[in-house]
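Tertiary structure, described
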Amino acid sequence: MIVALAGGVGAARMLSGLVEVVPPEDITAVVNTGDDTVMHGLRISPDLDTVTYTLSGMINPETGWGLRGETWSAMTELRQYSGGRLGWFNLGDRDLGTHLYRTSRLSEGAPLSQVTAEIAARWGLGLQILPMSDDRVETRIVIDDATVAGREVSFQEYFVGARHEVPVRAIRLAGIDTASPAPGVLEAIAAAHTVVICPSNPVVSIGPVLSVPGVGPAVSARRSHVVAVSPIIAGRALKGPADRMLAELGHDRSVVGVARMWAPFAATMVIDDADRHLAGAVEAEGMRAVVAPTVMSGPEEAAALAHMVLGAAAPGGAA
Ligand code: FO1
């Protein structure tokens, strides 16, 4: 059994490699839901959907979110009605079907983990996709915008509304203290042969997963079996604001900064060839550094990285 702690695009690519080298039934993805939002009354779970659509081959290749070959009639109508005011977060016509289904099932009382399994089954996926929690946890971002310093906004207001171009001052995970891991999360981590920390944003993707009460300690308890893949390559994130966010929140904007965050949880970190010269500094943080090509530019690269990651768990088993 392999457990992957996952955010959005980087994790989805990592998982698409993992399913090529391990039977999908042996994989459990534990996915961040801190980015979830309610838009027009609909519950949107961007990271769950990015993982699901990517693994079913239906992800929109241009955006990295939403569905391939999407149409936008509903959004066009919404913008017409509202003079554009309500159209800042793009929901494609087919994608809306997913959000309508999720929202309906949640309002019927089904937990998010159950609904997520139903959505994965509809797309024919063999792996288990679990939200980090069935409880609502909301990643809130404290930003400095043009009008107010220290304004708290939702993750999507920061990421999509402000195009993640504004400085981040702090992160707050609303609801985290009372959240429980989704059923099966702790059991999967305890039973895993390897736990993979996917190359997702450490602060707003993996951070919330590890912050669900019980999850961080469960991962730390398996430290020697945990392999992290750095989302930072030569000081840059391939996609999204992870690099800037690390710096803005006082972390080192490099694989060394990531190692400092993951050392309590993972014995091994895979860093890119471009960061080979930092392997010693990563090891000084208490992690074993494994150097490999980590850019998953296509299915072959993703499978090669997955193969390497699964072989990289610390030898000897010492936590
Ligand atoms: N990202 C954008 O940059 N613009 C959008 O309009 C947008 C809409 C959207 C709708 C559904 C969905 O599942 C994801 C969507 N995303 C959009 C992506 C998403 O907000 C972010 O990539 C993640 O939250 C970060 O992991």
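Residues numbered from 1 in each chain as written. Predicted model: local features only at pLDDT ≥ 70, side-chain atom pairs only at ≥ 80, totals over all residues. Heavy atoms only, no water.

Here's the deal with the domain arrangement of the protein chain
The domain boundaries assigned to the protein chain delineate domain 1 (31-131) and domain 2 (193-313). Look at where the C-alpha atoms of domain 1 and domain 2 centre, and you get two points 27 Å apart. There are 0 salt bridges connecting domain 1 and domain 2. Residue composition of the side of domain 1 that touches domain 2, by class: 1 nonpolar, 2 polar and 2 charged. (Domains from an automatic or database assignment. Salt bridge = Lys/Arg side-chain N within 4 Å of Asp/Glu carboxyl O. Nonpolar A, V, L, I, M, F, W, Y, C, P; charged D, E, K, R; others polar.)

A few points about the site of the ligand
As a structural note, the neighbourhood of the ligand is formed by 13 residues, with Asp35, Asp47, Trp65, Asn90 and Gln156 the closest of them. Note that an oxygen atom of the ligand is positioned 2.9 Å from one of the side-chain N or O atoms of Asp35. Asn90 places a side-chain nitrogen or oxygen 2.7 Å from an oxygen atom of the ligand. Here the ligand has 530 Å² of accessible area as a free molecule, and 87% of this is covered by the chains. A majority-of-atoms criterion places the ligand in the largest pocket. Elements with a minimum of two residues in the shell around the ligand: α2 (46-55) and α6 (155-161). With 4 residues, the single largest contributor to the shell around the ligand is α6. A class-by-class count of the residues in the shell around the ligand yields 8 nonpolar, 2 polar and 3 charged. (Near = heavy atom within 4 Å. Polar contact = N/O pair within 3.5 Å; in protein donor to acceptor, adjacent residues only side chain to side chain. Areas by Shrake-Rupley, 256 points an atom, 1.4 Å probe, with all protein chains shown as cover. 1 Å grid on protein atoms, 1.4 Å probe; cavity = no way out; pocket = protein on both sides within 12 Å on 5 of 7 lines; lining within 4 Å. Sits in = over half its atoms within 2 Å of the grid points. Helix = DSSP H or I, 4+ residues; strand = E, 2+ residues; numbered from the N terminus.)

As for the pattern of salt bridges
The full count for this structure, using the stated rule, is 12 salt bridges. With a closest N to O distance of 2.9 Å, Glu152 and Arg140 form a salt bridge. Here the residue Glu152 occupies a position in strand β7 (residues 149-154), and Arg140 occupies one in strand β6 (residues 138-144), the gap between them amounting to 12 residues. By relative accessible area, which is 29% here, Glu152 ends up partly exposed. Of the residues examined, Arg140 reaches a relative accessible area of 18% and is grouped as buried. A salt bridge links Asp243 to Arg236; its shortest N-O distance comes to 3.4 Å. A residue is classified by how much of its surface remains accessible, and Arg236, at 55% relative accessible area, is exposed. Among the charged side chains, a salt-bridge network with shared partners connects Glu138, Arg140, Glu152 and Arg172. (Buried < 20%, exposed > 50% of the residue type's maximum accessible area, 1.4 Å probe, protein only.)

Overview of the packing of helix α1 (residues 9-21) against α2
Close contact between α1 and α2 brings their axes to 9 Å; oriented N to C, the two are set at 35°. The interaxial crossing formed by α1 with α2 has right-handed handedness. Facing α1, whose interface residues are Val9, Ala12, Leu15, Ser16 and Val19, α2 presents Thr50, Val51, Thr54 and Leu55. (Axes fitted to C-alpha atoms, helices over the stretch in contact; angles between N-to-C directions. Left-handed = near helix turned anticlockwise from the far one by under 90°. Contact = heavy atoms within 4.5 Å.)

Quick notes on helix α3 (residues 73-82)
Listed in full, the buried residues belonging to α3 are Met75, Leu78 and Ser82. One side of α3 carries all its buried residues, which in axial view fall inside an arc of 60°. A positive backbone phi angle near 60° is found at Gly83, which sits one or two residues after α3. (Arc of directions from axis to C-beta.)

Observations concerning helix α8 (residues 202-211)
Of all the 10 residues making up α8, 9 are buried; the element is thus mostly covered by neighbouring parts of the structure. The opening residue of α8 is Asn201, an N-cap whose side-chain oxygen sits 2.8 Å from the backbone nitrogen of Val203.

Thoughts on the packing of helix α4 (residues 93-107) against helix α5 (residues 112-122)
Two quantities define a packed helix pair, namely the angle between the axes and the distance from one axis to the other. One can describe the packing of α4 onto α5 by two numbers: an axis separation of 9 Å at closest approach and a directional angle of 145°. Between α4 and α5 the crossing geometry is right-handed. Touching Arg94, Thr98, Tyr101, Arg102, Arg105 and Leu106 of α4 are Leu112, Gln114, Val115, Glu118, Ile119 and Arg122, all from α5. Split by residue class, the contact of α4 with α5 holds 5 nonpolar, 2 polar and 5 charged.

Some words on the sheet that holds strand β13 (residues 268-272)
Spatially, 7 strands are ordered β5-β2-β1-β9-β10-β13-β14 in an open sheet, and the strand pairing comes out parallel. Among the strands making up the open sheet, the edge pair consists of β5 (128-131) and β14 (288-292). Taken pair by pair, the neighbouring strands of this sheet meet at an average axis angle of 20°, ignoring direction. Where strand β2 (residues 27-31) meets β5, 4 bridges bridge the pair, whose relative direction is parallel. Across the sheet, the residue bridging to Val31 is Pro131, located in β5. (Pairing = 2+ DSSP bridges.)

Points about the nonpolar core
Counting residues in hydrophobic clusters, the biggest one holds 54 residues, and the most contacted among them are Leu5, Tyr158, Ile197, Trp262 and Met269. A total of 6 residues in this core trace back to one element, the largest contributor, which is helix α11 (residues 255-262). Excluding residues that lie within four positions of it along the chain, Trp262 makes contacts with Ile197, Pro202, Ile206, Gly207, Leu210, Ala228, Met269 and Met287. Grouped together as the second largest cluster of nonpolar side chains are 43 residues, Ala29, Ala292, Ala302 and Leu310 included. (Core = buried A, V, L, I, M, F, W, Y, C linked by side-chain atoms within 4.5 Å.)

Some words on the environment of Gly311
Relative to the helices and strands, Gly311 is located in helix α13 (residues 299-311). Sequence spacing of Gly311 and Thr194 is 117 residues, and the spatial spacing of their C-alpha atoms is 9.3 Å.

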